[in-house]
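Residues per chain are reported as follows:
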Amino acid sequence: MSATATGVYHRSYRRESALRHTKAEYFRLALMIVGLLVTPYVLDNYWLSIVNTILIAVIGAVGLNILVGFTGQISLGQGGFLAIGAFSSALLYQRADLPAPLSIACAVVITAVAGALFGLPALRIKGLYLAIATLASQEIIVFVARRWTFLRDGSAPLTVDRLSLGSFEIERQYFEWQWYWILLTFAVLAVLAARNLFRSSLGRSFMAVRDQDIAASAIGVNITRAKVTAFAVSSGFVGLAGALSAHYTETVTWEAFTLDVSILYLAMIIVGGLGTIAGSVYGAAFMVLVPVFIQETVGAVGDSVPVLLSRVPAIEQVVFGLVIIFFLLFEPRGLAQIWQRMKDYIRFWPFRY
Amino acid sequence: MFRIRWTATLAASALVALTACAPPGADEGGDEGGAIPVGVIADLTGATGDVGTPYNDGMLGYIDWINSEGGIEGREIDATSKDYAYDVPTAERLYKEYLNEGAVAIQGWGTGDSEALSGKVSQDEIPFMSASYAEALTDPAQAPYNFVVAPTYSDQARVGLNWIDEDSDATAEVAFFHNDSPFGLAPLADAEAWIEEKGLDISMEAYPMPAGAANYVGLLARAKAQGAKYVLIQNVSSPAATVAKDIAAQNLDMRIVCLNWCSDELFIETAGDAAEGSVLVQPFAPVTADQEGHADIEAYLSEKGSSLEEEGVHYVQGWYTMHILAEGIRQVLEDGDDLSGPAIKEALETMGPIDTGGVVGTGTVEFSSDSHRGSTGSGVYVAEGGSMKPLETGVTPE
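In every chain, residue numbers begin from 1 and rise along the written sequence. Working convention: letters from A go to chains and numbers from 1 go to ligands, in the order in which they are written. pLDDT decides what is reported in this predicted model: residues at 70 or higher carry local features, side-chain atom pairs at 80 or more are listed and counted, and totals for whole chains, interfaces and linings draw on all residues regardless.

With that settled, the discussion passes to helix H6 (residues 127-147) of chain A. All names here are of chain A. Given a rise of 1.5 Å per residue, 21 residues ought to cover 30 Å, and the 31 Å separating the end C-alpha atoms of H6 matches this to within 8%. With C-beta atoms placed from the backbone, the exposure class of a residue follows from how many other C-beta atoms lie within 10 Å of its own: 20 or more, buried; 12 or fewer, exposed; in between, partly exposed. Secondary structure follows DSSP: runs of H or I at least 4 residues long count as helices, runs of E at least 2 residues long count as strands, and numbering of each begins at the N terminus. Within H6 the residues assigned to the buried category are Leu-130, Ala-133, Thr-134, Ser-137, Gln-138, Ile-141, Val-142 and Ala-145. Buried-residue contacts for H6 involve helix H4 (78-94), helix H5 (100-119) and helix H11 (259-272). Multiplying 1.5 Å by the residue count of a helix minus one yields the expected span of that helix. Throughout, a residue-residue contact means that the two C-beta atoms, derived from backbone geometry, are no farther apart than 7 Å.

See below:
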């Protein structure tokens, strides 16, 4: 809990239930909104494409955090659920000619149902055993995506036509720019939805299951319902991320949904902060930016140390591992906690607390 | 409630106002006549890095050579090559980076990334060549901006199967060992159809090779149970060499027939004696085939203190793939057109055969507006005394 929250008094219930209480919080919100609005005008297409990747990752990471961080159910099946979302939306849009919003919505529902189904083992097993069960779901889904020829265009992977809706169509030269607004809208809605979910009884039942499931059932939480719903809700978010990535990358191939992706998303929420929505956002941004910055750095010093240039993927792997170890050792509550401590430090300066 | 609605309306209208105003001036990439930017997506450290590295060296060697010769019509090629470690999302990121830097053409690598990017490159109108010779990429109706310089994997498999059919007296039992990826699977369906269509006396079973396996004894045991006398391999050199060693160690009576990516000096070197007698289908002439097209490369390499013997056949492959793209660019510049993706595509489709000094396929590479299959001829070699000895050259599947 942040120390900043002390000394804030509410005179009405509405005030108390507001998402933000202090002027500083409103100020930061305004700053962030301005930042997000200005972003597409200051970044070039390459950096904007990275921001777009981050926005998709944010939705996926929020989804995974609902399951892992808030409900305490570990999942290695993230890549598989992303694949279900991507393939469903692509097939509905491409083969069944559904309009994009409808195909994306259907993909969310389909992934949620699949998630609930694959989450059923969670009713009987916990911890490491559940991790292995979800690992199986990852492998099964990717195996099907690999072998089922229906999921390909003849011998080529499934391609998705450039997004269009009615008379609106994504234009070539404004591709990243237009996608930024679409993805930003979805990401903001996803973050708001998740943030508010945990102010509702459903979200609180998830956290009760995480903290102590026996106690939760003693106070009347239906554990079966909570666990299955958590899997469904989480997979719904992940399915949305998958569907958006299908339309954004315009090709759907199983190679983008391997176990590595599941691990990457787990890393995002560990680095960002388990059990915080803001942490999912920081973590997603951080993990997408790490390889990009490594490449930029190596590119900058590459002329003097050419051996680095041919080792970029290896360096990425090493840094990836080091980052996770670093956070687990020094700040298990992730970037969200670091940010919190920075805010507290400034607020109480020059006193320690 | 009123306040929330008011804030929401304000936010929504601000968003609409912002999105409605014109996006930042998108750079149309007008041709200014300087160096020619080309992006290279290379695999140096990934699953196929063993053959990807010499291929990439060949491309960069060619660029270095042509720039020192004065460039194309006086303009140098400015190539950026980055390692993507055979990871499709990384390839997508690199592609966007190159696109943003104004690359007029992209040299890719694997089947997975070539296929994954094929929709994008046609939308963005960027010519894309790669070391993937998947049949799906040759059809301009499906992949209008992909150019396949060499005979496809399917054509190579057809040549390989024809050779097996001739070599064997009775029904040939063939085990098709392939990389478990789009690259490995690319020729499978066509190979099966070919056996059917030509009525070849061959019975073939497919076995995906598990990635990162220490040996393939289990797979070979299954092939033995099938009664396989031939192992047709669609994979890169290192795993293929492991198969060769396993066959020798198990004393199995099987002969390896390699397609493109394991038909090289690396395979022979790694497998050692176990490689002897293996048949190698390779569309690019190795140094032992001694073609006139090798002369420029030899001259360039000896200046650098190396030789084609050291660099191997994939260096030749990279060199000539870049050569074909460069010839397309040269044609555009000679015609006095603005250098752009569509112009290069048009030039490659209409310029007629591109000479490769006998190195690629039957000697020339030619594209047309209804086929991006650059060549159909492959050479058949046999591993003998530690090198690739030509059996036949310019074999087309018939």
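Read on for the rest.
Turning our eyes to something else, we now look at the pairing of strand E1 (residues 36-42) of chain B. Residues and elements named next belong to chain B. Burial within E1 is extensive, with six of its seven residues counted as buried. Each pair of strands is called paired provided DSSP finds at least two bridges between the two strands. Two strands pair when backbone bridges link them, and E1 and strand E2 (residues 77-83) are joined in this way by seven bridges, in the parallel orientation. Bridge pairing links Gly-39 to Thr-80 in E2. Handedness of a crossover is defined as follows: orient the strands so they point away from the viewer, and if the path from the first strand over the helix to the second runs clockwise, the crossover is right-handed. Once the chain exits E1 it traverses helix H2 (residues 49-68) before rejoining the sheet at E2, and the crossover so formed is right-handed. Where E1 lies against strand E3 (residues 105-107), three bridges are found, and the strand directions are parallel. Note on E3: the bridge partner recorded for Val-38 is Ala-105.

In this assembly, 27 residues from chain A lie in contact with 31 residues from chain B. In terms of residue class, the side of chain A that touches chain B is made up of 12 nonpolar, 10 polar and five charged. In this classification, Asp, Glu, Lys and Arg are treated as charged, Ala, Val, Leu, Ile, Met, Phe, Trp, Tyr, Cys and Pro as nonpolar, and every other residue, Gly included, as polar.

What follows concerns the packing of H11(A) against helix H14 (residues 312-330) of chain A. Residues and elements named next belong to chain A. Here the axes come from fitting lines to C-alpha atoms, over the contacting stretch only for helices, and the angles between their N-to-C directions go from 0 to 180 degrees. At their nearest, the axes of H11 and H14 sit 9 Å apart, and the two run at 40° to each other. Between H11 and H14 lies a crossing of left-handed hand. Together, Ala-267, Ile-270 and Val-271 of H11 and Phe-320, Val-323, Ile-324, Phe-327 and Leu-328 of H14 make up the contact between the two elements. Along the lines of polarity and charge, the residues of the contact of H11 with H14 split into eight nonpolar, no polar and no charged. Each crossing gets its handedness from the near helix: less than a right angle anticlockwise from the far helix is left-handed, clockwise is right-handed.

Next up on the list: the sheet that holds strand E4 (residues 128-129) of chain B. Residue and element names in this part refer to chain B. Within the open sheet, the five strands sit side by side as E2-E1-E3-E4-E5. Their pairing is parallel. Taken across any chain shown, the strands that pair with only one partner, and hence form the sheet edges, are E2 and strand E5 (146-147). As paired strands, E4 and E5 are joined by two bridges and run parallel to one another. From the neighbouring strand, Phe-128 faces E5, where its bridge partner is Asn-146. H2 rests against E1, E2 and E3 of the sheet, and its axis sits at about 165° to E2.

Residue and element names in this part refer to chain A. If you trace the three strands from one edge of the open sheet to the other, you get E1-E2-E5, paired in antiparallel fashion. Of all the strands in the sheet, the pair left with one neighbour each is strand E1 (152-153) and strand E5 (251-252). Looking at chain direction, E1 and strand E2 (residues 156-159) are connected through two bridges and run antiparallel. By the bridge assignment for E2, Asp-153 is matched with Ala-156.

Looking now at helix H7 (residues 188-198) of chain B. All names here are of chain B. Inspection of H7 places Asp-190, Ala-191, Trp-194 and Ile-195 among the buried residues, and these make up the whole buried set. Buried residues of H7, seen end-on, are gathered within an arc of 140° and therefore sit on one face of the element. Facing away from the buried surface of H7 by more than 90 degrees, the exposed residues are Ala-193, Glu-196 and Glu-197. The inward-facing, buried residues of H7 abut helix H5 (153-167), strand E6 (172-179) and strand E7 (202-209). The first or second residue beyond H7 is Gly-199, which carries a positive phi of 60°. The arc refers to the directions leading from the helix axis to the C-beta atoms.

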